[in-house]
Amino acid sequence: MLEHDTEPDLESSRSSTSRDQSPVRTGQTEELSEAVLLRGIFRLGKKSHDVLLTNSTLSWTPIAPELPTGEVSAGPSGHLLLRDVFAVKVKRRRSVGQSSGGAVLGLALFWARHHGPYLKEETLHLHNASNEHTQLWYNALKELLKDIGGRPSFLKVLINPSSHRKEAVHLYREHVAPLFKMAAVQTDITVTEKEGHALSLMKECSLEQYHGVVVVGGDGSVAELCHGLVLRTQLDSGSSLDRPSRVSLPLGIIPAGSTDIVSCSVHGVRDPVTATLLIILGRVQQVDMCSFWSMGQLVRYGFSAMFGFGGRSLACAEERRWMPSAQRRDYAVVKTLAQLRPEDCELSFVEAKASSIRSEDSDQDSEHTEEEVESWTTNQGLYLNISVMSIPGLSPNTPRGLAPNTRLANGSAALIAVGNTSRTQFIKHLKRLGAPSGQLNFPFVDAHAVTAVKICSRAVIGSQKEREEDTVQSESSSDSTVQLQKKGTFPWNIDGELVQLRHEVLIRVHPRLICLFGQEVEQAESSESCSCI
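Residues numbered from 1 in each chain as written. Predicted model: local features only at pLDDT ≥ 70, side-chain atom pairs only at ≥ 80, totals over all residues. Heavy atoms only, no water.

1. Describing the nonpolar core
Ranked by size, the top nonpolar core spans 34 residues in total, and within it M202, L229, L251, F303, I514 and L516 carry the most contacts. Examining the composition of this core, we find that 6 residues originate from one element, helix 4 (residues 219–237), more than from any other. L155, V214, L277 and L278 belong to the second largest nonpolar core, which has 29 residues in total. (Core = buried A, V, L, I, M, F, W, Y, C linked by side-chain atoms within 4.5 Å. Buried < 20%, exposed > 50% of the residue type's maximum accessible area, 1.4 Å probe, protein only. Helix = DSSP H or I, 4+ residues; strand = E, 2+ residues; numbered from the N terminus.)

2. Regarding the packing of aromatic side chains
Evaluation of the coordinates by the stated rule reveals 7 aromatic pairs. Ring centres 4.9 Å apart and planes at 35° place the aromatic pair F307 and W492 in the tilted group. Highlighted residues: F307 in strand 14 (residues 304–308) and W492 in strand 19 (residues 490–494), separated in sequence by 185 residues. A residue is classified by how much of its surface remains accessible, and F307, at 5% relative accessible area, is buried. We classify W492 as buried; its relative accessible area is 2%. Seen in terms of ring centroids, F309 and F426 are 5.0 Å apart; in terms of plane orientation they differ by 70°. Their pairing is edge-to-face. Of the two residues, F309 sits in helix 7 (residues 309–318) while F426 sits in helix 9 (residues 423–432), which places them 117 residues apart along the sequence. Overall, the relative accessible area of 8% leaves F309 in the buried class. (Phe/Tyr/Trp six-rings, centres within 6.5 Å; stacked < 30°, edge-to-face > 60°.)

3. Some thoughts on the pairing of strand 19
Of all 5 residues making up strand 19, 5 are buried, and the element is well covered by its neighbours. By the alternation rule, side chains of strand 19 split into F490, W492 and I494 and P491 and N493, which are all buried. Pairing of strand 14 with strand 19, which is carried by 3 bridges, proceeds in the antiparallel orientation. Bridge pairing links M306 to N493 in strand 19. Of the strand pairs in this sheet, strand 19 and strand 20 (residues 497–501) are connected by 5 bridges, and their pairing is antiparallel. Its bridge partner being in strand 20, N493 is matched across the sheet by L498. Count of turn residues in the strand 19/strand 20 antiparallel hairpin: 2 residues, of which D495 carries a positive phi of about 55°. (Pairing = 2+ DSSP bridges.)

Have a look at this one:
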C-alpha cells in the first residue's frame, strides 16, 4: 500500500549528480544565467529528463532518444521559479500501518500557479529511486526555500466565528490550515468571542515572536485588526497618533465576509486559497491608510469613509441585523433611496501633489513636512454622498473599484463628492460603479486625489455650546477613541462599520502605513451587481 502523498510503483530511472557548473547540454531551450548547483536525471511522467537546479530556478529538458532515421525526438522542456515553490517532500512507498521509512520514489514540489486571478496549489513530481540522490536534492531545495526572504514561519491567527454565514472556522480548517501545515508554517489561533476582542488582543499580547498576523473574517474584522495593529505600533514606538509610525508586522486577510472589499483590493478575488498562498509565499504589499478625527480626538485608523447615502444606508441595515446579509443590504439601499435627501455640507480638502507620492524607503516623518504650507480648498453645497478612500475598494460588485482612480500605495486618497441631483441620476451613478469604465463620468460627481479632507454638516456649524459640552465629555474619557452621544449625530460608514459622529471630521492620509500580504491588482473578479437597483 502507498501513503496518500506517494504514487503507484513506477520503475525509477537511476541518475547521476554533480556539483560542477558545467554548461547546459545541447538541446536546452532556455539559457541559464545562473550557476548550476545540481544536475541530475529524474522522470517526469513516463519520460526521463535532465534536471538543473540554480539559486532561483528548477528547469528540465527531456532526454531525447535518437530515432532510426537519425533524427532526435525531443519533447517539451520547462522550468519552475523557486519563488513560487512553498514546500518539498520526499515521496516514499509504505505498507499499511507503516508510519516511517519505506522505499524512496522521488520528490514532490508544491507550488502556486496562476489560474487567471486565482492562485492554485500544483504539484511537480520528480521520480527517482535513489535514496542518496533524492536526499541530496531534497536538502538543497529545502535550503534554497529557507533562504527566500519574507516568508513567515510563525503566525498569529484570529478567526471571527460570526463573519457572514458563520463559516469562518470551517473555512479555515478546510482550506487554510492544510496549506499552512504543508508549508511548515506554525500558527497560534484565537477564535474571537465578541466585537473588540481582536482590538484588545493587539493592545495586550506580545507580537515580537510572530512573523505576521492573519485574520479570518469580513471587512469589519479586518478594519478592527488594522486599527489595533496601528495603535499597537504607536504604543511600542512612542509615536504620536497624528504622526503614526509604519506597521512592520504584515497582516494577512482570509476573506470570510459578505463583501471583503479590503481582501479583493489586495488579492483581486474572494478566495481563501489565493489569500493563503500569498501569505505563505511572503508576498507583501504596502498600503496607505487614513486617520479619522473628530473634536481633536482620534476616531480610528482605516481605509475608507462614506458620509451621506453611504452612512445612512449602513445605519438602516444595522437596524435589521436579523435579516440575511444580502437581503439586509438590498432593503437598506431601497429604503435609503426612497428617502434620498442631500446634506448641506462644508467640504475642505488638500489636493495631492506629485511630490507627495514618495519612494518606499523615504522617511515616514517626511509626509508631515508640508503641513505648514498645505493649501486647503473649501466648497459649500448640497451633497448626496461623500466618499474618501485610500484603496480602490474592489469587490465582485465593483470590479474596477469604488474609487477606480486610486491605488494601494500612491500616497493619496480619492475624494468622490456626489452633488445634489435627481434620484434617477443618482441611481445611474450607483449602477455605473459596477461598469468597466466611466464610473465617475457624471456632471454632478467631483473627484480629487487628496492628502487631507474636512467634512462638516452646516447644521452644526456655529453651535458653540454643544461643541463645548462634547469637549468636556471627550476630555474626561480615558479611551483614545472619541465618545459622542448618539443623539444629534450623523451616521458614517468607516470601513463598513457604523460610526455616529456629531461635528466636523478630519481625515488624513498616511502613506504606506501598513503591510498586507497580497499584491497590486487592477481589477477584481466581477459578478452581478446589487439586484435592488
